[in-house]
Amino acid sequence: MIGRITLKSEADLAKMKAAGNIVKETLELLSSQATVGMTTEELDRIAEAYIREQGAYPSFLHYNGYPKSICASVNQQVVHGIPGKYKLRDGDILSIDVGAKLEGFHGDAARTLLIGNVPEEVQKLVAVTRECFFEGLKFARAGYHIADIGAAVQKHAEAHGYGVVRDLVGHGIGREMHEPPDVPNFVDRRMGRGAPLVPGMVIAIEPMINLGTWEVVQLQDGWTIETRDGRPSAHYENTVAITEGEPVLLTL
Ligand code: MF3
Ligand code: CO
């Protein structure tokens, strides 16, 4: 993370809402299309076509050399899975991460989808990961600090015995997809309370929660992050604007 936290004007926020809405609609489209037998590459093509039809650009495409428009991470894959020939199977969970840039501003969000009949234990992981986002969101308000968000996420995840990924974090977002500040999903002692939250800040809150250990590894492809123990992982993310009052969800 380089540079300083940027505050968005009302005009900026209107553009971010439009970008975020395209991300939201893309995720809804993919959720309705993802089925057993489909490849993650097909989902990528659907997403890219839809985003471009809206006059936007898929934020991830060519980002630091990333080759596709979405991230599609199955089961033990945490994030940054590259869409490919893998065919979705009954019982898989699929984390889909989508970004779109419109009029100079990005939106970024992720959902974890259930494919067919998913074991109850894994369904619970997916549900609790979503809940973790909303626990963190309670502190996405002026008067709190960045660290309050991660503390709430971690508390909820660990109450269920899950592992909170520490190697990847949420982030500020705006004209760049990744802006300061980092938004960890855990208490990072090095950070202290972190930056105070003030109106005009926009952040991506994105818990990545593992059924087993919090530890992860990166695959040889240079992108895919997997759990070290091979157990499933879920991801849930929205782009959130801090205001004088209630936070505004730009991708939900
Ligand atoms: N959406 C991811 C994030 O939240 C970014 C994807 S990395 C990319 O940080 F390279 F795939 F774009
Ligand atoms: Co993000």
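Residues numbered from 1 in each chain as written. Chains lettered and ligands numbered in written order. Predicted model: local features only at pLDDT ≥ 70, side-chain atom pairs only at ≥ 80, totals over all residues. Heavy atoms only, no water.

Student: Help me understand the environment of Leu 219, please; the structure alone is not making it clear to me.
Tutor: With respect to the secondary-structure elements, Leu 219 resides in the loop between strand 11 (216–218) and strand 12 (225–227). Note: C-alpha distance between Leu 219 and Gly 81 (138 residues apart in sequence) is 9.5 Å. When neighbours within four sequence positions are excluded, Leu 219 is seen to be in contact with Thr 224 and Glu 226. (Helix = DSSP H or I, 4+ residues; strand = E, 2+ residues; numbered from the N terminus. Contact = heavy atoms within 4.5 Å.)

Student: Is there a simple way to think about the site of ligand 1 in this case?
Tutor: What surrounds ligand 1 is a group of 13 residues, the closest being Phe 60, Asp 97, Asp 108, His 178 and Glu 206. The side chain of His 178 places a nitrogen or oxygen atom 2.6 Å from an oxygen atom of ligand 1. A distance of 2.7 Å separates an oxygen atom of ligand 1 from a polar atom in the side chain of Glu 206. Considered on its own, ligand 1 offers 330 Å² of accessible surface; in the complex 96% of this is hidden by protein. Tallied by class, the residues present in the shell around ligand 1 amount to six nonpolar, three polar and four charged. (Near = heavy atom within 4 Å. Polar contact = N/O pair within 3.5 Å; in protein donor to acceptor, adjacent residues only side chain to side chain. Areas by Shrake-Rupley, 256 points an atom, 1.4 Å probe, with all protein chains shown as cover. Nonpolar A, V, L, I, M, F, W, Y, C, P; charged D, E, K, R; others polar.)

Student: Help me understand the environment of Tyr 86 in this model?
Tutor: Looking at the element boundaries, Tyr 86 is found in the loop between strand 3 (77–79) and strand 4 (93–102). Sequence separation of Tyr 86 and Met 38 is 48 residues, and the distance between their C-alpha atoms is 8.1 Å. Polar contacts involving the side chain of Tyr 86 include one to the side chain of Asp 92, which spans 2.7 Å.

Student: Is there a simple way to explain the sheet that holds strand 3 in this structure?
Tutor: Sheet strands pair via backbone hydrogen bonds, and the direction of the pair is either parallel or antiparallel. Strand order in this open sheet of three strands is 3-12-11, and the pairing throughout is antiparallel. Unpaired on one side and paired on the other, strand 3 and strand 11 mark the two borders of the sheet. On average, each strand axis in the sheet is inclined to that of its neighbour by 40°, with strand direction left out of account. The pairing of strand 3 with strand 12 spans two bridges and is antiparallel. From the neighbouring strand, Val 79 faces strand 12, where its bridge partner is Ile 225. (Pairing = 2+ DSSP bridges. Axes fitted to C-alpha atoms, helices over the stretch in contact; angles between N-to-C directions.)

Student: Looking at this model, I keep getting lost on the coordination of the cobalt ion (ligand 2). Mind explaining?
Tutor: Within the first shell, the cobalt ion (ligand 2) binds the protein through Asp 108 (OD), His 171 (NE2), Glu 206 (OE) and Glu 237 (OE), at distances of 2.1 to 2.4 Å. Positions of the donor residues of the cobalt ion (ligand 2) along the chain correspond to the pattern D-x62-H-x34-E-x30-E. Residue Asp 108 is found in strand 5 (residues 105–114), and its partner Glu 206 is found in the loop between strand 9 (202–205) and strand 10 (208–210); the two are separated by 98 residues along the sequence. Like Glu 206, Asp 108 is buried. (Donors = N, O, S within 2.8 Å, 3.2 Å for Na, K, Ca; no water. Buried < 20%, exposed > 50% of the residue type's maximum accessible area, 1.4 Å probe, protein only.)

Student: I tried to follow the pattern of salt bridges on my own but got confused; where do I start?
Tutor: It is possible for side chains of opposite charge to pair when their charged atoms get near one another. With the rule as written, the count across this model stands at 11 salt bridges. Put simply, Glu 41 and Lys 68 hold a salt bridge, and the shortest N to O gap is 3.6 Å. Of this pair, Glu 41 sits in helix 2 (residues 40–53) while Lys 68 sits in the loop between strand 1 (57–58) and strand 2 (70–74); the two residues are 27 residues apart in sequence, bridging distant segments of the chain. Judged by its relative accessible area of 16%, Glu 41 is buried. Glu 215 is paired through a salt bridge with Arg 228; the nearest N and O atoms lie 3.9 Å apart. On the criterion of sequence distance, the pair formed by Glu 215 in the loop between strand 10 and strand 11 and Arg 228 in the loop between strand 12 and strand 13 (233–235) is long-range, its members being 13 residues apart. Residue classification places Arg 228 among the exposed residues on the basis of a relative accessible area of 52%. One connected set of salt bridges, linked through shared partners, spans Glu 41, Lys 68 and Lys 85. (Salt bridge = Lys/Arg side-chain N within 4 Å of Asp/Glu carboxyl O.)

Student: Is there a simple way to explain the sheet that holds strand 6 (residues 163–164) in this structure?
Tutor: Read from one edge to the other, the open sheet built from three strands follows the order 6-10-13, with strand pairing classed as antiparallel. The strands lining the two open edges of the sheet, one partner per strand, are strand 6 and strand 13. Pairing analysis gives two bridges linking strand 6 to strand 10, with the strands arranged antiparallel. Note that in strand 10 the partner of Val 164 across the bridge is Ile 209. Its contacts with the sheet put helix 3 (residues 120–137) on strand 10 and strand 13, and the angle it makes with strand 13 is roughly 40°.

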